[in-house]
Amino acid sequence: MTGVPGTDGPVPWWREAVCYEIHPRAFADGNGDGTGDLPGATARLDHLAELGVDAVWITPFYPSPLADGGYDIADHTGVAADLGTPADFDALVERAHALGIKVLVDVVPNHTSDQHPWFRAALAAAPGSPARQRYLFRDGRGEKGELPPNDWQSAFGGPAWTRVEEADGLPGQWYLHLHAPEQPDLNWRHPQVTAEFERVLKHWLDHGVDGFRVDVAHTLFKADDLPDAGPGQHQDVHRNHLMPYYDQEELHPLFRNWRTLLNHHPAPAGAVAPHERVMVAEAGIFDRERLARYVAADEMQQVFNFAFLECPWDGAALRDVVEESVRAMRAVGAPVTWVLSSHDAVRPVTRYGGGRAGERRARAAALLMLALPGAAYVYQGEELGLPQADIPDDRIRDPLWERSERRHRGRDGCRVPLPWSGTAPPYGFGAAAPEDCWLPQPADWAELTVTAQQDDEDSMLTLYRAALRLRRDHPAADTVLRVQGPADGSWFAFDRSARLRCLVNFSARPVPLDDGARVLLSSAPLDGRTVPQDTGVWMIHEEYPR
Ligand code: GLC
């Protein structure tokens, strides 16, 4: 085994891991009610073993009124009845571990559901009472408290405050919700909140999980006195860290405590050893130096690189994101955690232009991402090249739709049930009639099913399977990443290891392969020994070292 720079230890599993995101209601339906569930997911873990992933991250499966796809949680240590039972969760973990797949779950500490017992107690209690102090209740501004306490905006649109009715039936205090009104923000300066989430972490560790994805990790603390944020909130993400509800200093001691907890809480059989557990931050902070603080040696291990996901299909821009991300993360000794898609983002095939062009670019992007040093997250359906689906108005579930006064259709288009087999909906997702499916599947996905793709050597699934296998055979050399290519970014190349080199051509001008190099994998057919437009190639040099 090679070592981590500066230490003699073996490379921790997560540094180069590929982790597959399961959005359980849309993954596989085990009981035929049209909604994906935990037994359905367990039965399909073989697909992931064959794909070659190291871990899965399961998005919230906890009891929830589903005001925000399960990110509004009424019980952080329960299992939603429509997804299964606690025993079904244990069975999933056991099967995953038997297949050599680690399991990460979501922890959602910023807010609860409005149906959480704490919030119900807060509503029933009087202003200023202890039950209200676990959330962020404030009196309104204006003569009669009729204006929100400050100008903060919800990420889903509209004010981040909702006014409650007090016991006397009159309008009273306001509570903060950075997301939907059904997701009241917790007060992270309250000791009971801190203690409760330590209990939540330990609960899932006791059930064998190997780590956590920390939801909106950058928003838990709000600046003292809740000052106005000013105009332009949510418009310029590059200024996110300056918002009074983002990226506050107190986050870091909290995550250090969580890291200590993870490092010391005993591990049950089958799970990784305590010091091998991982935390991955979802933090919408685009200042790279500030982002790198979340993965300092004594905090989390990974933080999603959303700059890569958000970058358009542009060689110069992508090259800059790649180089700058590696540089900033190296400065704190952390790998980059690459991500091309998630349950919150428009699918890459659509984002990069849609149709054949979008597909071709998404294939090249996959080879780019999977060659880069560091970890990668693959969102369910990315390996099938699913495009964003159109959802009819009356089936939209995302709160963004109503909160934006029906201007923003939201994220349901990437949360459509996976097509597994067959030629018509529900494509083997389960046994329910298509109209009873969690979200409607498009009628033209017959060629995108796992069955249709698995023996087709030109399919996206075959490309992902090959890339994951080769990536494992050719571990990234943990050296400084040297990117080469013309200044206009029309193509660039870099060495993954001493022998494996990745080249991506973005321009219409063909780029020659290296002399003497053998092609291991390419995202599109090559033109003799040249790489055509929107194509990624992995080539190998037989002579070592070059
Ligand atoms: C995260 C989740 C997203 C959710 C939000 C609020 O960004 O990924 O789906 O809406 O947090 O919990």
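Residues numbered from 1 in each chain as written. Predicted model: local features only at pLDDT ≥ 70, side-chain atom pairs only at ≥ 80, totals over all residues. Heavy atoms only, no water.

Student: Pulling in residues and values, what's your account of the sheet that holds strand β14 (residues 500–505)?
Tutor: Within the open sheet, the five strands sit side by side as β12-β13-β14-β18-β16. Their pairing is antiparallel. Strands with a single pairing partner mark the edges of an open sheet, and in this sheet they are β12 (483–484) and β16 (517–522). Judged from the two bridges that link them, β12 and strand β13 (residues 491–495) form a sheet pairing that is antiparallel. Paired with V483 across the bridge in β13 is F494. Here helix α11 (residues 355–371) sits on the sheet in contact with β13, β14, β16 and β18 (535–541), set at roughly 40 degrees to β18. (Pairing = 2+ DSSP bridges. Helix = DSSP H or I, 4+ residues; strand = E, 2+ residues; numbered from the N terminus. Contact = heavy atoms within 4.5 Å. Axes fitted to C-alpha atoms, helices over the stretch in contact; angles between N-to-C directions.)

Student: How would you explain the state of the cysteines if you had to name every residue and give the values?
Tutor: Summed over all chains, the structure comprises zero disulfides. With no disulfide of its own, C502 lies closest to C311 among cysteine sulfurs, the gap being 15 Å. Judged by its relative accessible area of 0%, C502 falls in the buried class. (Disulfide = S-S within 2.5 Å. Buried < 20%, exposed > 50% of the residue type's maximum accessible area, 1.4 Å probe, protein only.)

Student: For the pairing of β14, give the residues involved together with the corresponding values.
Tutor: Counting buried residues along β14, six of its six residues qualify, which places the element largely inside the surrounding structure. Taking every second residue as pointing to the same face, both faces of β14 are buried, with L500, C502 and V504 on one and R501, L503 and N505 on the other. For β13 and β14, the ladder comprises five bridges, and the chain directions are antiparallel. Bridge pairing in β14 places A493 opposite L503. Where β13 folds back on β14, the antiparallel hairpin that results is connected by four residues.

Student: For the environment of L400, give the residues involved together with the corresponding values.
Tutor: Here L400 shows up in helix α12 (residues 399–403). Given a relative accessible area of 10%, L400 falls into the buried group. Sequence separation between L400 and H179 is 221 residues, and the spatial gap between their C-alpha atoms is 9.4 Å.

Student: Just give me the short version of the site of the ligand, but keep the residues and values in it.
Tutor: Looking at the ligand, there are 14 residues lining it, with D68, D215, E282, H343 and D344 nearest. With respect to the ligand, the side chain of R213 contributes an N or O atom lying 2.9 Å from an oxygen atom. In the environment of the ligand, an oxygen atom lies 2.5 Å from a nitrogen or oxygen atom belonging to the side chain of D344. Looking at the shell around the ligand residue by residue, the class counts come to three nonpolar, four polar and seven charged. (Near = heavy atom within 4 Å. Polar contact = N/O pair within 3.5 Å; in protein donor to acceptor, adjacent residues only side chain to side chain. Nonpolar A, V, L, I, M, F, W, Y, C, P; charged D, E, K, R; others polar.)

Student: Describe the packing of α11 against helix α14 (residues 460–473), with residues and values.
Tutor: Interhelical geometry of α11 versus α14 gives an angle of 10 degrees and a closest axis separation of 10 Å. It follows that α11 is roughly parallel to α14 by the angle criterion. Here E359, A362, R363, A366, L367, M369 and L370 of α11 come into contact with α14, specifically with M460, L463, Y464, A467, L468 and R471. Of the residues in the contact of α11 with α14, the class split is ten nonpolar, no polar and three charged. (Parallel < 35°, antiparallel > 145°, perpendicular 65-115°, else oblique.)

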